[in-house]
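Observations on the model geometry
Each chain is listed here by its residues.
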Amino acid sequence: MKLTDPVTKIPTVGNAYLIRLKKLGIETLEDLINHVPTRYADFSKVVKIKALEEKTTVSVIGTIKSIKNEYARGRFVIQKAVLQDETGECDVVWFNQRFIPRILPKGTLIALSGKIERQGSKSVLTSPEYEVIKEGKEPIHTRRLVPVYPETKGISSKWLRSKIHLVFESADLMIKEFLADRLLTDYHLPQLEEAYKNVHFPNHLIEAELARKRLAINEFVFLHLKSLIRKNNWQKTKPTYKLKIAKGVVTEFIGCLPFKLTDSQATSVKEVLEDMGKNFPMNRLLEGDVGSGKTVVAAIAALVSFLNGKQTVVMAPTQILAEQHFTTLNDLFERLKVRISLVTSASKKIALGKTDIFIGTHALIHKKVIFDNVALVVIDEQHRFGVEQRAHLIKRSRKGTVSPHVLTMTATPIPRTVALTAYGDLDLSTLKELPTGRKIIKTWVIPETKRNGAYTWIGKQIDALRAQVFVICPLIEESATESMQQIKAATSEFENLKKVFKNQKIGLLHGRLKSKEKQTVVENFRSGKIDILVSTPVVEVGIDVPAATIMLIEAAERFGLASLHQLRGRVGRSNVQSYCLLFTKSAYNKRLGAMKKSMSGFELAEVDLAMRGPGEILGVKQHGFVDLKIAKWSDSFLIKLSHEIANRIYTDPAMFKKAAKFMRLGNIAMN
Ligand code: ADP
Ligand code: MG
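Every chain begins its residue count from 1, and numbering advances along the sequence as written. Numbering of ligands from 1 and lettering of chains from A proceed in the order in which they are written. A pLDDT threshold of at least 70 governs which residues receive local features in this predicted model, and a stricter bar of 80 or more applies before side-chain atom pairs are shown or counted, although totals over entire chains, interfaces and linings include all residues. With hydrogens and water set aside, each side-chain value is computed from the structure's full complement of heavy atoms.

1. Some words on empty space enclosed by the protein
Note the cut-off: Space inside and on the surface of the protein is sampled on a 1 Å grid over the protein atoms alone, with a cavity defined as a set of points where a 1.4 Å probe fits but cannot get out and a pocket as an open set with protein on both sides within 12 Å along at least 5 of 7 lines; lining residues have an atom within 4 Å of a point. Grid points are joined across faces, edges and corners, and a volume is the space filled by probe spheres set on the points. Each helix corresponds to a stretch of at least 4 residues labelled H or I by DSSP, and each strand to a stretch of at least 2 residues labelled E; elements are numbered beginning at the N terminus.
Under the defined criterion, the tally for this structure stands at six cavities of 30 Å³ or more. A volume near 70 Å³ is recorded for the largest cavity. Taken together, Thr 295, Ala 298, Ala 299, Ala 302, Thr 312, Val 314, His 325, Leu 329, Val 378, Asp 380 and Met 409 make up the lining of the largest cavity. Counting residues per element, the ones that place at least two in the lining of the largest cavity are helix H10 (294-307), strand S9 (311-315) and helix H11 (319-332). Considering each element in turn, the lining of the largest cavity owes the most residues, four residues, to H10.

2. Description of the nonpolar core
Put simply, the rule reads: To define a nonpolar core, start from buried Ala, Val, Leu, Ile, Met, Phe, Trp, Tyr and Cys residues and group those joined through side-chain atoms within 4.5 Å. For the exposure calls, accessible area comes from a 1.4 Å probe over protein chains only, and a residue counts as buried if that area is under 20% of its type's maximum, exposed if over 50%, partly exposed in between.
Grouped together as the largest cluster of nonpolar side chains are 66 residues, with contacts concentrated most on Trp 633, Ile 645 and Ile 649. Secondary-structure elements contributing two or more residues to this core are helix H2 (29-33), helix H4 (157-169), helix H5 (181-186), helix H6 (192-200), helix H7 (205-236), helix H14 (416-422), helix H21 (636-651) and helix H22 (653-663). Take this core: its biggest share by element is 10 residues, from H7. Residues Ala 298, Ala 301, Ile 340 and Leu 376 belong to the second largest nonpolar core, which totals 39 residues.

3. Regarding the packing of aromatic side chains
Pairs of aromatic rings are described using the distance from one ring centre to the other and the angle between the two planes. Just so we agree on the cut-off: Centre distance within 6.5 Å is the pairing criterion for rings of Phe, Tyr and Trp, where only the six-membered ring of Trp is used; planes under 30 degrees apart are then read as stacked, over 60 as edge-to-face, and the remainder as tilted. Here, a charge over a ring means that NZ of Lys or CZ of Arg falls within 6 Å of the ring centre while also lying within 35 degrees of the ring normal.
In total, this model carries 12 aromatic pairs according to the counting rule given. Their ring planes at 75° and their centres at 5.4 Å tell us that Trp 444 and Trp 457 sit as a pair that is edge-to-face. With Trp 444 in strand S15 (residues 442-447) and Trp 457 in helix H15 (residues 451-465), this pair connects stretches of sequence that are 13 residues apart. What makes Trp 444 partly exposed here is its relative accessible area of 34%. Both rings, one in Tyr 650 and one in Phe 656, keep their centres 5.7 Å apart while their planes meet at 90°; by these two values the pair is edge-to-face. An aromatic cluster is built from Trp 444, Trp 457 and Tyr 579, whose rings are joined through pairwise contacts. The ring of Tyr 130 has Lys 158 sitting right over it, with the charged end atom 3.5 Å from the ring centre.

4. Re the side chain of Ser 403
Rule in force here: Two N or O atoms form a polar contact when they lie within 3.5 Å of each other; inside protein one atom must be a possible hydrogen donor and the other a possible acceptor, and for residues adjacent in sequence the pair counts only when both atoms belong to side chains. Note on contacts: a residue pair is in contact if any heavy atoms of the two residues lie within 4.5 Å.
By secondary structure assignment, the location of Ser 403 is in the loop between helix H13 (387-396) and strand S13 (405-410). Here the side chain of Ser 403 touches Arg 398 through a polar contact of 2.7 Å, side chain to side chain. Every residue in contact with Ser 403, bar those within four places of it in the chain, is listed here: Trp 234, Thr 237, Lys 238, Pro 239, Thr 240, Pro 281, Ile 394 and Arg 398.

5. Considering the site of ligand 1
Note the following rule: Near residues are defined by distance, with any heavy atom within 4 Å of the molecule or strand qualifying the residue. Each accessible area is a Shrake-Rupley estimate made with a 1.4 Å probe; only the visible protein chains count as cover when residues are assessed. Think of it as three bins: nonpolar holds Ala, Val, Leu, Ile, Met, Phe, Trp, Tyr, Cys and Pro, charged holds Asp, Glu, Lys and Arg, and polar takes everything else, Gly as well.
Neighbouring ligand 1 are 14 residues; Lys 260, Gly 291, Lys 294, Thr 295 and Arg 438 lie closest to it. Between ligand 1 and the protein, one listed contact pairs a nitrogen atom with a side-chain N or O atom of Gln 265 at 2.9 Å. The backbone of Gly 293 places a nitrogen or oxygen atom 3.0 Å from an oxygen atom of ligand 1. Burial of ligand 1 by the protein chains amounts to 70% of its free accessible area of 570 Å². Of the residues that constitute the shell around ligand 1, the class distribution is four nonpolar, six polar and four charged.

6. Side note on the domain arrangement of the protein
Under the convention used in this document: Domain start and stop points were drawn from an automatic or database domain assignment. Buried area: the accessible area, evaluated with a 1.4 Å probe, that two parts lose upon being put together, summed over both parts. Put simply, a salt bridge is a Lys or Arg side-chain nitrogen that is within 4 Å of an Asp or Glu carboxyl oxygen.
Domain annotation for the protein reports domain 1 (1-39 + 153-173), domain 2 (45-143), domain 3 (180-236 + 637-671), domain 4 (247-431) and domain 5 (442-598). Across the contact, four residues belong to domain 1 and five residues belong to domain 2. Summed over both sides, the interface of domain 1 with domain 2 buries roughly 510 Å², with 50% coming from carbon and sulfur. When the buried area of domain 1 at its contact with domain 2 is split by residue, Lys 158, Arg 161 and His 165 rank highest and sum to 91% of it. Among the ionic pairs, Glu 129 bridges to Lys 158, the shortest N-O distance being 4.0 Å. At the junction of domain 1 with domain 2, the criterion picks out four residue pairs in polar contact (both at pLDDT 80 or more). The residue inventory of the side of domain 1 that touches domain 2, partitioned by class, reads no nonpolar, two polar and two charged.

7. As for a nonpolar patch on the surface
The condition that has to hold: Each patch is built from residues lacking any salt bridge and having more than 30% relative accessible area; the joining distance is 9 Å for like charges and 5 Å for nonpolar side chains (Val, Leu, Ile, Met, Phe, Trp, Tyr).
A grouping of Val 46, Ile 61 and Leu 109 is seen on the molecular surface, where their side chains present a nonpolar patch of about 220 Å² in accessible area. Inspection of the secondary structure assignment puts Ile 61 in strand S2 (residues 57-71). Ile 61 sits in the partly exposed class, given a relative accessible area of 33%.

8. Remarks on the pattern of salt bridges
Tallied over the full model, the rule gives 24 salt bridges. A salt bridge links Lys 231 to Asp 427; the nearest nitrogen and oxygen atoms lie 3.1 Å apart. With a gap of 196 residues between them, Lys 231 in helix H7 and Asp 427 in strand S14 (residues 427-431) connect regions that are remote in the sequence. On the basis of relative accessibility, which here comes to 24%, the residue Asp 427 falls in the partly exposed class.

9. Side note on the sheet that holds strand S4 (residues 88-95)
Sheet strands pair via backbone hydrogen bonds, and the direction of the pair is either parallel or antiparallel. Test applied: For two strands to pair, DSSP has to find at least two bridges joining them. To define axes, lines are fitted to C-alpha atoms, for helices over the stretch in contact only, and angles between the resulting N-to-C directions are given on a 0 to 180 degree scale.
Strand order around the closed barrel formed by five strands is S2-S3-S4-S6-S5, with mixed pairing between neighbours. Across the sheet, the mean angle from the axis of one strand to that of its neighbour is 50°, orientation sign disregarded. Direction of pairing for S2 relative to strand S5 (residues 109-119): antiparallel, over a ladder of seven bridges. Across the sheet, residue Thr 63 finds its bridge partner in S5, namely Leu 109.

10. Some thoughts on the environment of Asn 203
Its location among the elements puts Asn 203 in the loop between H6 and H7. Looking at Asn 203, the relative accessible area reads 53%, which means it is exposed. Here the alpha-carbon distance between Asn 203 and Arg 144, two residues 59 residues apart in the chain, equals 7.2 Å.

11. Details of the state of the cysteines
As a reminder of what qualifies: Pairs of cysteine sulfur atoms within 2.5 Å are what we label disulfides.
Enumeration over the complete set of coordinates arrives at zero disulfides. Cys 580 carries a free sulfur, and the closest cysteine sulfur to it, the one in Cys 473, is 15 Å from it. With relative accessibility at 0%, the residue Cys 580 sits in the buried group.

12. Let's talk about unusual backbone geometry
Of note, the phi angle at Arg 143 is positive, near 60°, even though the residue is not glycine. Inspection of the secondary structure puts Arg 143 in the loop between strand S6 (122-132) and strand S7 (145-148). Despite not being glycine, His 188 has its phi angle at roughly 50°, a positive value. Tracing the backbone shows His 188 in the loop between H5 and H6. Residue His 188 is classed as exposed on the basis of its relative accessible area of 64%.

Here it is in structure tokens:
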């Protein structure tokens, strides 16, 4: 068996298992050994029957003295056995595993591991793991630290354990080391093969931990090496045009803005302009919370391109956003006579003539727009686009082998350590603060007992201050599309609130409305004809109603921090005091506590990161963000260590060759 073999190479693993294993993301033997335990059951203490103690978890070796199925009520079957060793006897029970008496007949020498319970004067082993003892066979399920895995229907931990053990016994598995010995010594890391074996079948927890560390480092090192290669390849390309940075004009433009740039905007502008004057094209990620003012930074970059007589292409994820940018840039560049064209899938004919700035959706990639001299590509809300779409747009804007400057922007608050690993090939600028003058959105966690009081308060806010309110229904299941159940929940909440708010006007918005109906509802809310808009959680993007000042979220504990933060960002868009009411039935919830304390997406991202498992950061999972198997994004120490290791590998040809061979980096380097 080889690592690249499909799981069906394992004896007795057929198509039925293939389908089940796929649910766990396992297709090859390599995937299988990368399916690491969530924990270990400690069955390492082996005791004699006489010494059994209540409530301890132990292993016992003995012979089955008697065993039988006992039929209870309904279809319930209990397996009762008596185990015997030289010191005494103890009772054993299993539930609904009627095959056990057949496979463990009287006289079988077995090891049992599990918890001892007291029943009357007797010690009873309840639902223990069992393993028939055979000469020369090492223990897998009993008498040791036993791995417990993420399971799925038809795939138990016991099954996984047996198969993984079998795979390791295969002589030609060949888990090759790719880190130089020097690195293993310097960082006190176990060999790769040893690490894989120890993560599944450790002798001590310390061994397991070290193994896990080694495997996590693999993931990070691999990601970082890929970034370094991409970065190097990028830096070998030339910018399409050598740009001059007219400092004076830029300063004057900034001086004429209706506001003063925040400190981080000023720093980011400086970083962007420095990049644009270099001998290789810019490849920068501008990260900033919703409302932090990324657009103006991009606009200043576009101005530089324009002043050099070159074009800029701006790609936004939705038509609403593209239109918004179109309006914004037209306002900003009014005096300069910059020609701006809007390209969306709805725009019919592309006879744009002379254009300085193209703004559009992904239609920019496919429509027959002529980019003759693009010096700058801006990609807004980058997480909404696939890697290919991004690459495609850049390629379209290239001239032969030379590349335009690329500015990528995102409101997903990815912590710095994470960004440096996942997007290590991009340089990073961060907008750390919101423009001054924004009021803090008052955020309250509201228990069920205060629901009526809150409704009364909302009613008064509407009547006295013409406040407008969003009501977000509970999240029923996490899914990108709305289920029927979700829509039903919103509809019933809508009916319910009509009874509570008799004097106010209530609207309902969900994804299954026809686009015309949606438009009407949003328009009515915008124009104040609707006071309270009941909406499903899925409806979020693009609804920008500055007059809305109250955000009410039902069953807030079900939402991730990222969603809560995005939803709260729908209010607080004017200088009027805004409120966010988090309704919850749970007594205390860490996430809601964090929401109350913090307004910053970055801070919340850090909190979120610390609370979640590998891969799951801030709902970016669904956007194709790097999925970690073993490592955790929250482990900033390991991330830093891995960067160091990756850099050493990258700068040492011998080390690099060894690593590249194993990791099939050759292919990646070609991209
Ligand atoms: P985002 O980072 O979410 O894309 P925008 O660029 O849309 O944010 O900016 C949000 C709003 O803040 C816009 O109305 C913009 O004009 C305004 N804005 C941007 N920078 C500043 C600033 N330094 N001071 C005050 N308002 C600003
Ligand atoms: Mg924006």
